[in-house]
Amino acid sequence: MQANTPNFKRPEKNRQAFRLKFKYLPLYARFILNNFIDEFVIESIKMAQELDVPVLKYYDHLSKEDMKKISTLSTSELLGYLADDKAEIQIDEAVKRWMNNQLPKVEKDQVVAEDITLISYIRKQALLRFLPQYTCEQTIMFAIITEIDQYISALETASINTFSRLMETRINEQLMFIEKINNTSPGVIYVYDLEKNTILYSNWKIKDVLGYKIEELNKIGDSLLSYLQHPDDIEKVNEHFVLFETAEDNEIRTITHRMLHKNGTYRWIKNFESIFKRNTEGKPTQIIGISLDVDGEMKISEQLLRSEEQLLQAQELAGIGSFEWNLNTLKGSITPQIYKILELDDLDDMNNFALHINPADSERVRDITKVATENKSIYDYECRYLTKSGEKTIWARGDVSLLNGNLIVKGTIMDVSERYKMVKRLQESEELYKEAQALTHIGNWTWNIKKNKITWSDELFRIYDMEPQSEEITMEKFQSHIHPDDREMRLKQIEDELNTMQPSEYFFRIISDKNKVKTLHGISEIKADRNGKPIKMFGTVQDVTEQKLIEKELAEQEHFIKHIAEASPTILYLYDLEEKRFLYINKEVKEVMGYEPEEILEIGADSSKMFIHPDDDIKSQDKYVKYAHAGGSTIMHQFEGRVKHKNNNWKWLLTREIVFKRDEQGKALQVLGSALDITDRKEMEQALKYKTLQLQQSNSSLEEFAHIASHDLQEPLRKISTFGDRLITSNKENLSEDGLRYLEKIVLSTKRMQQLINDILSISLLSGIKVFEQYDLNKLLEEVLQTLEFKIDITHTRIDIDPLPELKIIPSQFRQLFQNLLSNSIKFSKPGISPKIKITSQIIQKSEVIKYKLQNASQYIKITVEDNGIGFEDYYADQIFAIFQRLNGRSEYEGTGIGLAICKKIVENHGGIIFAIGEVNEGAAFTIVLPDVS
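Owing to the predicted nature of the structure, the values given are computational and were not obtained by experimental measurement.

**Description of the environment of Ser-333**
Consideration 1: Examined against the element boundaries, Ser-333 turns out to sit in strand E9 (residues 331-334).
Consideration 2: Measuring from C-alpha to C-alpha, the distance between Ser-333 and Ser-322 comes to 8.7 Å, with eleven residues separating the pair along the chain.

Next comes the structure, spelled out in structure tokens:
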């Protein structure tokens, strides 16, 4: 390799960054950036428009200025990277932005291959455009052209690789999408040959719908349709197929018909079909479709049609309505039945719902709804409600939830005024009583408290495994059947119900006559006489033993599964290094990777390879080589890597492994490992990087806004100041003494406002200037002293300066820093005493600055500016660096109170810290500590 040829290496496999090191291109890029950035941008846009770059269409809606701004930003960044000889980082960042969908105005999948080649060509031509202005020496020109070609080649390689990965991902996603649709379809997806009367393709769902496998159906031959169709539907189906001759390609036709199931029953099927293939004459030869099993729906529909009139009557008789209400806006919707139950005139009357509740029930209802509102839970209550026609008993049940910051109540209201009358009629009518038992399978009972007589229905006797009406039921007999563990609780419930006169719902266990333990669910109510004393208790009981057993088994299984999962939150496995396959893997692999353990074990040799990410595969192989030669080592190996989920997504795992088995020579044969899913953590790390970038972009926008706002604000202030001065000059004799004084104050305040804006502008610009360079602080300080020469002379200021070092700084900011500190010391000098300022510098070690928590550096520079001025109380040492903070009146000392805030910002921009100490009438000392990154 010749001395003038840049060091260039082709990208290694699985690397994100390229090894590009240039000698001439950085200086040339800096030349363009500093002198021809606008021409470079204009030339690039022009060539892109002439070549009609495809991606340009996504910027058509932008104005020329906006287009230029976007291009200038990206071009400046590109040239900046090249100027800093960081071409590989620029390429890597460009690829990352593309992959992470962060391209301006363009989605990553909208980039086509032609964009890559054309943009590379444009970029190369634009870079060559200014070469004659840069140099006339052919050797340098050829070297630069060579380096540009190498950069463009690396860029195109990375771009094409990225484009290939994106295309591969899109193809895989499309294939997976089609497969998922096929496998998750609720119906049979099929292709049918109209000429051969055969099913060419069908998914597995056909067996669920018709009970046949596709092979069984095709064995039937040409008579397939006539064999499967319901006799009454054959004509309709044939006509459906004939009409396909006039169908358009994208037209979907439907038919609902009955087909024979393998079990001998006919089931309703609904087909959605369109033309799949035509012959050379354009006649349809194959159709594609989906068949849905609508047997249940059709039968329900038929039943509903027959029962529609009865159902409407039942709804009316039930007296139930529903509503949805927004407690924040007091708006919502209610069904017509609500209007009827509550006898409302319009929707707004719902706001007064609580006002019509019987006062005796209002506090209880208010407490129930308050708990539901606070807990966002279900409420359930009965109450008496005052309507225009009189008092009703209503039952309200609903759910309170939070939706988009609003409390939403969804519920039902039922008129249950007739319920007690219905219960009474059921008790009095044996026929209705037995009918209710048959319909509900619930036993009924009545306890006449006054006569102490208990009456059971036939069904209740059966629940207790007794012959209906076989014996008289007494309170002692009833209590004897209650399970000993529940007896005290049930008797207490009865006592509480008698005292409160409120309905009760409960569960309790009994021991039946056949010595079976059963769980019953009961509901009971109290009837009182005119004096409010209980005279009768009645209710219903349902045997829920089976339900409770199922609930218990489910709870136990859930408890067991939960504890197993908690005991093993990671994938545990045993891997054979010789056979290159898993010998054991636990069920956690299903949660993390989507595979059943059996699927992993059945894969066999080299099973790990198909799961490990290509970028991590080499690392994995190296790891097992190390294991194989680890000897007797028992070191725990830990590494991170990606594995493929069954859905083709990648999961990050934190894996720890240790040698589990060795041969007699100490060679590792098997490793035992655990793998923890850290995908969320990795995504959070990526999100944090993205948020950091967003914050940087936000700060940049704020700086630009402050800059523009400051300039726009100064124009009206300049006019106020200018015309104020003119008014004082031209009309001074015509103004009253007060008018002149007021006008002078206006002009003075305007100038002070201008100074404030200038200072704000200075702070906003500090964040934008980031060009560091090695600079001699002695030279910089000389420049500042020349600027302050007049102030120094008129105040007879004496300044003693120790030799200062060279530092890598932003010169313009450091010039502002010294100027502000020296101006501050001169301004706050003691009356009648000449200011004395001393500037010292020294090198300090890391141990001395640990408390400041500065960035790491081999050494640190400490610069101190001391004066003999008026000083300040140490209490204000931190406060003086706050923006607009003044310790002295504006009438005594000029200024906006922003100078020291600027100093603090500048020092922080350089990774340092500034602090001050002072003593009243003794002076102040400002100390700057900076990391030496020269």
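Now that the structure is up, let's keep going.
**With respect to the sheet that holds strand E17 (residues 534-543)**
Consideration 1: The strand order E14-E13-E17-E16-E15 describes an open sheet built from five strands, whose pairing is antiparallel. Where the open sheet ends on each side, the last strands, each with one partner, are strand E14 (453-456) and strand E15 (504-511). Taken over all neighbouring pairs, the strand axes of this sheet differ in orientation by 25 degrees on average, direction set aside.
Consideration 2: Here nine bridges tie strand E16 (residues 517-528) to E17, and the two strands are oriented antiparallel to one another. Directly across from Leu-520, in E17, lies its bridge partner Asp-543.
Consideration 3: Each of strand E13 (443-448), E15, E16 and E17 is contacted by helix H19 (residues 484-500), which is oriented at about 150 degrees to E15, the strand it contacts most.

**Looking at the pattern of salt bridges**
Consideration 1: In total, this model carries 31 salt bridges according to the counting rule given.
Consideration 2: In this structure, Arg-258 and Asp-233 form a salt bridge, with 3.0 Å as the shortest nitrogen-oxygen distance. Taken together, the residues span a long stretch of sequence, with Arg-258 in strand E5 (residues 253-260) and Asp-233 in the loop between helix H10 (224-228) and helix H11 (234-242) at a distance of 25 residues.
Consideration 3: Where Lys-904 meets Glu-908, a salt bridge forms, and the shortest distance between an N and an O atom there is 2.6 Å. Placement of both Lys-904 and Glu-908 in helix H29 (residues 899-909) is noted, with a separation of four residues, approximately one turn of the helix.
Consideration 4: Look at the salt bridges and you will find they share partners, linking Asp-361, Arg-364 and Arg-384 into a network.

**Some details on the nonpolar core**
Consideration 1: Counting 49 residues, the largest nonpolar core has Tyr-28, Ile-32, Ile-91 and Tyr-151 as its most contacted members.
Consideration 2: Where this core is concerned, the elements lending two or more residues are helix H1 (25-35), helix H2 (37-50), helix H3 (64-83), helix H4 (87-99), helix H5 (113-129) and helix H7 (138-184).
Consideration 3: Grouped together as the second largest cluster of nonpolar side chains are 38 residues, Phe-814, Leu-817, Leu-821 and Ala-916 included.

**Observations concerning empty space enclosed by the protein**
Consideration 1: Across all of its chains, the model carries two cavities of 30 Å³ or more by this definition.
Consideration 2: Estimates place the volume of the largest cavity at around 300 Å³.
Consideration 3: Taken together, 23 residues line the largest cavity, and the ones lying closest to its centre are Tyr-190, Ile-199, Met-259, Asn-271 and Ser-291.
Consideration 4: Mapped by element, the contributors of at least two residues to the lining of the largest cavity are strand E3 (188-193), helix H8 (205-210), H10, H11, E5, strand E6 (266-278) and strand E7 (284-293).
Consideration 5: Within the lining of the largest cavity, the residues separate by chemical class into 17 nonpolar, five polar and one charged.
Consideration 6: There is about 170 Å³ of room inside the second largest cavity.

**Notes on the packing of aromatic side chains**
Consideration 1: Enumeration according to the criterion identifies 16 aromatic pairs in this entry.
Consideration 2: For the pair Trp-456 and Tyr-464, a centre-to-centre distance of 4.4 Å together with 35 degrees between the ring planes defines the contact as tilted.
Consideration 3: For Tyr-464, a relative accessible area of 2% corresponds to the buried category.
Consideration 4: Here the aromatic rings of Tyr-575 and Phe-582 are separated by 5.0 Å at their centres, their planes lie at 70 degrees, and the arrangement is edge-to-face.
Consideration 5: Looking at Phe-582, the relative accessible area reads 11%, which means it is buried.
Consideration 6: Feature note: the residues Tyr-28, Phe-31, Phe-36, Phe-40, Phe-130 and Tyr-134 constitute an aromatic cluster, connected by ring pairs.
Consideration 7: Stacked on the ring of Phe-130, the Lys or Arg Arg-129 has its end atom at 5.1 Å from the ring centre.
Consideration 8: Between Arg-490 and the ring centre of Phe-508, over which it is positioned, the NZ or CZ distance is 5.5 Å.

Rules used in this analysis
Along each chain, residue indices are assigned from 1 in the same order as the chain's sequence is written. Whole-chain, interface and lining totals are the exception, using all residues; otherwise, since this is a predicted model, local features are given only for residues with pLDDT of at least 70 and side-chain atom pairs are given and counted only at 80 or more. Heavy atoms from the whole structure form the basis of all side-chain values; hydrogens and water molecules are not counted. The way it works is that DSSP assigns letters per residue, a run of H or I at least four long becomes a helix, a run of E at least two long becomes a strand, and they are numbered from the N terminus. Pairing between strands is defined by DSSP: at least two bridges between the two strands are required. Axis lines are fitted to C-alpha atoms, over the contacting stretch for helices. Their N-to-C directions set the angle, which ranges from 0 to 180 degrees. Note on definitions: a residue-residue contact is assigned when non-hydrogen atoms from the two residues lie within 4.5 Å. Salt bridge, as used here, is a side-chain nitrogen of Lys or Arg placed within 4 Å of a carboxyl oxygen of Asp or Glu. In this text, buried Ala, Val, Leu, Ile, Met, Phe, Trp, Tyr and Cys residues form a nonpolar core when linked through side-chain atoms within 4.5 Å. Per-residue accessibility, obtained with a 1.4 Å probe over protein chains only, is compared with the maximum for each type, and a residue is labelled buried under 20%, exposed over 50%, and partly exposed between these values. Grid points spaced at 1 Å and placed over the protein atoms alone form the basis of the search, with a cavity being a set where a 1.4 Å probe fits but cannot get out and a pocket an open set showing protein on both sides within 12 Å along at least five of seven lines. Lining residues have an atom within 4 Å of a point. Grid points are joined across faces, edges and corners, and a volume is the space filled by probe spheres set on the points. Here the term charged refers only to Asp, Glu, Lys and Arg, the term nonpolar to Ala, Val, Leu, Ile, Met, Phe, Trp, Tyr, Cys and Pro, and the term polar to all other amino acids, Gly among them. In summary, the pairing rule links any two rings of Phe, Tyr or Trp, Trp by its six-membered ring, whose centres are within 6.5 Å, and it sorts them by plane angle into stacked for under 30 degrees, edge-to-face for over 60 and tilted for everything else. Think of it as a cone above the ring: NZ of Lys or CZ of Arg counts as a charge over the ring if it is within 6 Å of the ring centre and within 35 degrees of the ring normal.

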